Amino acid sequence: FLVLLAIASACSDKNVEYNMEPVDTAHQAELQIFYMAPKTAVSSNYIYQVGINGINYANNGSTLITTFNGVPGGAVGMYYTVASGDVTITLFHRLDGVNIDAQPFYTGKARGLKAGGKYQVFVVDDNADPIVLEAGEMPTFGGSTQTAEYCGTKWYNFMYEADGTPSTDKLQLYIQGDSTKQYDEPLGKPIGFGECTDWESLHVTKTVYNSQGYQSRYYTFHVIDGTTGEDKGQLEYVSNTAGRVKAFTDYWTWYIGRQYRLYVHGVRTSKTVRVAVSRWTAY
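Residues numbered from 1 in each chain as written. Predicted model: local features only at pLDDT ≥ 70, side-chain atom pairs only at ≥ 80, totals over all residues. Heavy atoms only, no water.

A look at the pattern of salt bridges
To keep things clear, this is the line we draw: Whenever Lys or Arg places a side-chain nitrogen within 4 Å of a carboxyl oxygen from Asp or Glu, that contact is recorded as a salt bridge. Per the convention used, a helix needs a DSSP run of H or I reaching at least four residues, while a strand needs a run of E reaching at least two, with both numbered from the N terminus. Accessible area is worked out with a 1.4 Å probe on protein chains only. A residue is then buried under 20% of its type maximum, exposed over 50%, and partly exposed in between.
Under the definition given, this model contains seven salt bridges. Between Asp129 and Arg111 there is a salt bridge whose closest N-O contact spans 3.3 Å. Note that Asp129 is positioned in the loop between β8 (118-123) and β9 (131-134) and Arg111 in strand β7 (residues 106-113), a separation of 18 residues in sequence. Note on Arg111: relative accessible area 49%, which makes it partly exposed. For the salt bridge of Glu161 with Arg268, the shortest nitrogen-to-oxygen distance reads 2.5 Å. Separated by 107 residues along the polypeptide, Glu161 in strand β10 (residues 150-162) and Arg268 in the loop between β20 (259-267) and β21 (276-281) bring together distant segments of the chain.

Some points on the side chain of Glu30
Where we set the bar: Positive charges come from Lys and Arg alone, negative charges from Asp and Glu alone, with His and the N- and C-terminal ends not counted. Two residues qualify as a contact provided that any one of their heavy atoms is within 4.5 Å of a heavy atom in the partner residue.
Relative to the helices and strands, Glu30 resides in strand β1 (residues 28-35). Within the buried core, Glu30 has no salt-bridge partner, and the shortest N-O distance to an opposite charge, that of Lys118, equals 4.2 Å. Once residues within four sequence positions are removed from consideration, Glu30 is found in contact with Val23, Tyr79, Tyr80, Thr81, Gly117, Lys118 and Tyr119.

Observations concerning the nonpolar core
Operational definition: What makes a nonpolar core is a set of buried Ala, Val, Leu, Ile, Met, Phe, Trp, Tyr and Cys residues whose side-chain atoms join them at distances within 4.5 Å.
In this structure, Trp155, Tyr219, Phe221, Phe248, Trp254, Val264 and Val277 are the most contacted members of the largest nonpolar core, which totals 23 residues. Listed by contribution, the elements that provide at least two residues to this core are β10, β12 (170-175), β13 (185-191), β15 (214-224) and β20. Excluding residues within four positions of it along the chain, Val277 makes contact with Trp155, Tyr219, Phe221, Phe248, Trp252, Leu262, Tyr263, Val264 and His265. Counting residues in hydrophobic clusters, the runner-up holds 22 residues, among them Ile33, Ile52, Leu64 and Ile65.

Overview of the packing of aromatic side chains
The line we're drawing: To pair, rings of Phe, Tyr and Trp, with the six-membered ring standing in for Trp, must have centres within 6.5 Å; the planes then decide the type, stacked if under 30 degrees apart, edge-to-face if over 60, and tilted in the middle. Throughout this description, the term charge over a ring refers to an Arg CZ or Lys NZ atom that lies within 6 Å of the ring centre and within 35 degrees of the ring normal.
Taken as a whole and assessed by the stated rule, the structure comprises 20 aromatic pairs. Between Phe122 and Tyr156 the ring centres are 5.6 Å apart and the planes differ by 45 degrees, which places this aromatic pair in the tilted class. Of this pair, Phe122 sits in strand β8 while Tyr156 is found in strand β10, placing the two residues 34 residues apart along the sequence. By relative accessible area, Phe122 is classed as buried at 0%. Residue Tyr156 is classed as buried on the basis of its relative accessible area of 0%. A ring pair is formed by Trp155 and Tyr219, whose centres lie 5.1 Å apart and whose planes are at 70 degrees; its orientation type is edge-to-face. Placement of the pair is Trp155 in strand β10 and Tyr219 in strand β15, with a sequence separation of 64 residues. Accessibility classification places Trp155 together with Tyr219 in one group, the buried group. Positioned above the aromatic ring of Tyr260, the side-chain terminus of Arg279 is 4.0 Å from the ring centre.

What to know about the pairing of strand β3 (residues 55-58)
Note the threshold: In this analysis, strands are considered paired if DSSP registers two or more bridges between them.
For strand β2 (residues 49-52) and β3, the ladder comprises four bridges, and the chain directions are antiparallel. Looking at β3, one finds that Ile52 is bridged to Ile55. Between β2 and β3, which pair antiparallel one after the other, the connecting turn spans two residues, and Asn53 there sits at a positive phi close to 50 degrees.

Focus: the sheet that holds strand β6 (residues 85-92)
Defined as follows: Lines fitted to C-alpha atoms define the axes, with helix axes restricted to the stretch in contact, and inter-axis angles between N-to-C directions lie between 0 and 180 degrees.
Taken together, four strands build an open sheet; the order of strands is β3-β2-β6-β7 and the sheet is antiparallel. Single-partner strands in this sheet number two, and they are β3 and β7. On average, adjacent strands in this sheet sit at an angle of 25 degrees to one another, irrespective of strand direction. Where β6 lies against β7, six bridges are found, and the strand directions are antiparallel. If you follow Leu91 over to β7, its bridge partner there is Tyr106.

Some details on the state of the cysteines
Just so we agree on the cut-off: Any two cysteine sulfur atoms lying within 2.5 Å of each other are counted as a disulfide.
Here the structure, examined in full by the defined rule, presents zero disulfides. No disulfide involves Cys151; its sulfur sits 17 Å from that of Cys196, the nearest cysteine. Owing to a relative accessible area of 0%, Cys151 belongs among the buried residues under this scheme. Given the relative accessible area of 14%, Cys196 is considered buried.

Looking at a nonpolar patch on the surface
Put simply, the rule is: Here a patch means residues that are over 30% exposed by relative accessible area and free of salt bridges, tied together within 9 Å if like-charged and within 5 Å if nonpolar (Val, Leu, Ile, Met, Phe, Trp, Tyr). The method behind every accessible area is Shrake-Rupley, applied with a 1.4 Å probe, and residues are considered shielded solely by the protein chains displayed.
A surface patch of nonpolar side chains, amounting to about 420 Å² of accessible area, comprises Val16, Tyr18 and Met20. Note that Met20 resides in the loop between α1 (2-10) and β1.

Okay, structure coming up:
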């Protein structure tokens, strides 16, 4: 009898509460914050605390942002909510390897955030306001057949020509054709420093039957003269600490139905802060 009574008590109705507040799209904007200054990947260059309009965010003393990365992370599609308008951003290093510096090394304003908008804020220079870009509407696919064939992708250009000097040329992405080995499929428009493409749909050929569906495809960039629009050929960069120069190629594995943001960063002529591409899954 006591056992039955305990079971009955455990199965009684109970209110389930969710600790959340809806975004006030009439007065608030959403943003992500990235650090894209051309720095080496060492702990002294990492961010340990971020301030947004005077509210500081940290991770129990751990690294919050490594070089060429952003917050909030750890899950897909997360943003901070802020009052619309201008937003003050502050970034903190560690003072002595243990304590977070009481004084931020960077303070800047992200300007003109509109209520209901989603933004990505990029700190590219420790002495300048950040670059603010709208997140944009991710592509939707027109039915079950198309949903099972495509992913979405959006590209950002933060490549420097030399330390502290952004490239004045633009980059045009080329990806290997779906059924060829040639870089014959341009994707998006040429983009200059601090710019991004629109969201683009990328076809994914599913090769493993019992899977979500994925495909690895290589890509490269062509350098487009920022003034004349001339195609100067494939991007060449310093690829190792010995100073070897080669044409840039890389690949990612793309999954059907996902949405990806990719960031081109680094210094084309540097042996230590080399050109690379980082990827965030947006959805």
